[in-house]
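Each chain, written out:
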Amino acid sequence: MDTTDQVDEDLDASPHNPEEATQMFQAALKFIDESPGRLALRMQRLGDYRPVGTITRAIQRMSSGDNRVSGEMQVIMQLMVRERERAVEDVMRLRWSKVGITMTAGTRDFT
């Protein structure tokens, strides 16, 4: 089982207690390769009206287990993990070809 499958399996299961929710949150944060600060900026760009510092502190507290991971945050993380998985799958489907000395990649057939 690779990392993607493990994170997927972990996120598909509902946490039974706050410790499991924290562990799942930490695994998802690591899988999507986001720091609390970058995740806060992304959330703000997506419509979170709070100051970035406030969002960052909330994420840090959830990650450390000081605050519970809200249901909304679990949904957000699950969506971001799925987005990352789709991106990885897209990269795996690239068709590479050599044109002269240059390597190019085709992502989809536009015909």
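Provided above is the structure to which this section pertains.
Attention in this report is confined to the structure presented alongside it. (Residues numbered from 1 in each chain as written. Predicted model: local features only at pLDDT ≥ 70, side-chain atom pairs only at ≥ 80, totals over all residues. Heavy atoms only, no water.)

Let us look at helix α2 (residues 18-31). With 14 residues, α2 extends 20 Å from end C-alpha to end C-alpha; this agrees with the ideal 20 Å at 1.5 Å per step. The backbone nitrogen of Glu19 has a side-chain oxygen 3.0 Å away, supplied by the residue at the start of α2, namely Asn17. Looking one or two places after α2, you find Asp33, whose phi comes out positive at around 60°. (Helix = DSSP H or I, 4+ residues; strand = E, 2+ residues; numbered from the N terminus. Expected span 1.5 Å × (residues − 1). Polar contact = N/O pair within 3.5 Å; in protein donor to acceptor, adjacent residues only side chain to side chain.)

By size, the foremost hydrophobic cluster in this structure holds 18 residues, and its most contacted members are Phe25, Leu39, Ile59, Met73 and Met77. Of all the elements in the fold, those that place two or more residues in this core are α2, α3 (36-45), α4 (52-64) and α5 (71-92). Per element, the largest residue contribution to this core is five residues, and it comes from α2. Setting aside its immediate chain neighbours within four residues, Met77 contacts Phe25, Ala28, Leu29, Ile32 and Leu39. (Core = buried A, V, L, I, M, F, W, Y, C linked by side-chain atoms within 4.5 Å. Buried < 20%, exposed > 50% of the residue type's maximum accessible area, 1.4 Å probe, protein only. Contact = heavy atoms within 4.5 Å.)

Tallied over the entire structure, the rule returns six salt bridges. Across the salt bridge formed by Glu34 and Arg38, the nearest N and O atoms sit 3.2 Å from each other. Looking at Arg38, the relative accessible area reads 43%, which means it is partly exposed. Among the ionic pairs, Glu34 bridges to Arg42, the shortest N-O distance being 3.6 Å. Glu34 gets classed as buried once you look at its relative accessible area, which sits at 17%. (Salt bridge = Lys/Arg side-chain N within 4 Å of Asp/Glu carboxyl O.)

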